[in-house]
Every structure is written in C-alpha cells, then in structure tokens.
Amino acid sequence: ADIGFAGKYELVVGGWEIGAGGIYQRAIDPRLVLTASGSFYSIGLFGEAVSVFESDKDSTADNVRFSGTAGFTYMNTDWNFTAIGQYYYNGESTVESRKQYGALSLSKTKLFTDDFTVAVLALSNLSDLSFMIKPSITWAWLDYASLSFGPVFTFASDALWGKGKSGEYVSATGGPAM
C-alpha cells in the first residue's frame, strides 16, 4: 500500500533540457510533472509544472489541480553580480490555500575589497500583497568564517486584493515591522 511508482524522461534539445514524469501511489493522487531548463544568452531559465489528478472527486469540474514555478538566474563575473528570481503558484485543492509567491535575490561580491558582499533578498506572497525584504552586508574576515548583518523589513498592502496586517509576512509581527 505504501509503494509508489515514478518515472521521468529527459531530453536535451539544443541548449535546453526538457523533462516529463509522473508518480503514482495508492495513498496519494497521481501527478504529472513537466520541466524545462536552459539559457537565453547569459540568463538561465527554468520552469516546472505539476498537475494533480484527484481521483476521489464526485464532480469532474475541478478534478485537476495545477502548480508551477518559473525563474531565472543571471551572473555577471565582470561586475561580481548575481540576480536570481522565481515565481511559484501553489494550486492546492482549496481556494484558501491557492497562493502565488515571488522571490528576488540580488548580490554583489567584492565590494570595495574581496572581503565584502552586499545582498538583498525579497520574498512576497503575491496573493495577499505581503512582503519581506532583507538587505545584508557580509564581511569574510577569515578564509572559512564571515560576519553578516542585515535587518528584516516586513510590510503589506491593503490596496487591490491585499490583506494588510493579516498578510502572511506581517501577521507574525502584528503589522509592518523591522
């Protein structure tokens, strides 16, 4: 009853890797997965889509759920700069749990000297317009040790479909915080 079966086929087409797979286990709903990764000039791109087929639904109107992610990576060694971004749609079975997320990370190494790095990480629940932003500075003072400092800012919006103080990234602090 606990044994599952999964398979995946990957194919390289030009500079892209395309994959298709699936999983079946009696205790969970079957899933179909499609993946793609490659690059466009110096930007790496990736994506994954998952379809879940609910087998125990009485109605056929909403028996397929979809989740997916897409993102990019960019590195410029001349500038010592890296950017990474990702979008994720969580298509769980209930409307309340269906959420969209975004993430962006920017970093610059070798700032002033080889020992300093500055970075910023931004996370957002796009479904309720709440955000967390964490800028940081890191000093590599030894070969295998570094010190990092960075405040964390959380905020949310009431505009459009935002949930304000009840947004995911601000609800723990009771509102916008640092």
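The text that follows walks through the structure, step by step, so that each part is easy to find. Model, not experiment: these values are computed from the prediction.

### Focus: the overall build of the protein chain
No. 1: Of regular secondary structure, the protein chain possesses zero helices and 11 strands.
No. 2: Evaluated residue by residue, the protein chain yields a buried proportion of 21% over its 178 residues.
No. 3: For the protein chain, restricting intrachain contacts to residue pairs at least 6 apart in sequence, the fraction spanning at least 24 positions comes to 28%.
No. 4: Surface exposure of the protein chain reaches about 11,900 Å², of which carbon and sulfur atoms provide 63%.

### Thoughts on the pairing of strand β4 (residues 43-53)
No. 1: Examined bridge by bridge, strand β3 (residues 28-40) and β4 share 10 bridges and lie antiparallel to one another. Opposite V33, over in β4, you have V50 as the bridge partner.
No. 2: Adjacent in sequence and paired antiparallel, β3 and β4 are bridged by two residues, among which Y41 carries a positive phi angle near 55 degrees.
No. 3: Relative to strand β5 (residues 64-76), β4 is paired through 11 bridges, and the arrangement is antiparallel. Note on β5: the bridge partner recorded for V50 is S67.

### Overview of unusual backbone geometry
Note: most residues except glycine have negative phi, and most peptide bonds are trans.
No. 1: Positive phi values are uncommon outside glycine, yet Y41 reaches one of about 55 degrees.
No. 2: Inspection of the secondary structure puts Y41 in the loop between β3 and β4.
No. 3: Residue Y41 is classed as exposed on the basis of its relative accessible area of 77%.

### Considering the packing of aromatic side chains
Note on aromatic pairs: each is described by the distance of the centres and the angle between the planes.
No. 1: Per the stated rule, a full pass over the model turns up seven aromatic pairs.
No. 2: Pairing F66 with Y89 gives two aromatic rings, centres 6.3 Å apart and planes at 20 degrees, and the pair type is stacked. With F66 in strand β5 and Y89 in strand β6 (residues 81-90), the pair connects residues that are 23 residues apart, well separated along the chain.
No. 3: Look at F66 and you get partly exposed, because its relative accessible area is 44%.
No. 4: You can call Y89 partly exposed: its relative accessible area is 24%.
No. 5: Note on F131 and F155: the rings are 5.1 Å apart at their centroids and 20 degrees apart in plane angle, and the pair reads as stacked.

### A word on a nonpolar patch on the surface
No. 1: A cluster of nonpolar side chains, namely Y9, L11, V13 and I18, defines an oily patch on the protein surface of about 380 Å² accessible area.
No. 2: Sort the elements by how many residues they give to the nonpolar patch and strand β1 (residues 4-13) lands first, with three residues.
No. 3: Mapped onto the elements, Y9 comes out in strand β1.
No. 4: By relative accessible area, Y9 is classed as exposed at 55%.

### A few points about the environment of I133
No. 1: As for its position among the elements, I133 is in strand β9 (residues 130-142).
No. 2: Each C-alpha atom, one on I133 and one on T154, is 6.4 Å from the other, the two residues being 21 residues apart in sequence.
No. 3: Setting aside residues no more than four positions away along its own chain, I133 makes contact with V120, L121, A122, P151, V152, F153 and F155.

### Describing the pairing of strand β2 (residues 16-25)
No. 1: By the bridge criterion, 10 bridges tie β1 to β2 in an arrangement that is antiparallel. Bridged to V12 within β2 is E17.
No. 2: The hairpin turn running from β1 into β2, its antiparallel successor, is two residues long, and G14 in that turn takes a positive phi close to 60 degrees.
No. 3: Pairing geometry for β2 and β3, over eight bridges, is antiparallel. Across the sheet, residue I18 finds its bridge partner in β3, namely A36.
No. 4: Connecting the antiparallel pair β2 and β3 is a turn made up of two residues.

What counts and what doesn't
Residues numbered from 1 in each chain as written. Predicted model: local features only at pLDDT ≥ 70, side-chain atom pairs only at ≥ 80, totals over all residues. Heavy atoms only, no water. Helix = DSSP H or I, 4+ residues; strand = E, 2+ residues; numbered from the N terminus. Buried < 20%, exposed > 50% of the residue type's maximum accessible area, 1.4 Å probe, protein only. Contact = heavy atoms within 4.5 Å. Areas by Shrake-Rupley, 256 points an atom, 1.4 Å probe, with all protein chains shown as cover. Pairing = 2+ DSSP bridges. Phe/Tyr/Trp six-rings, centres within 6.5 Å; stacked < 30°, edge-to-face > 60°. Patch = residues over 30% accessible without salt bridge, like charges linked within 9 Å, V, L, I, M, F, W, Y side chains within 5 Å. Salt bridge = Lys/Arg side-chain N within 4 Å of Asp/Glu carboxyl O.

These figures capture arrangement, not role.
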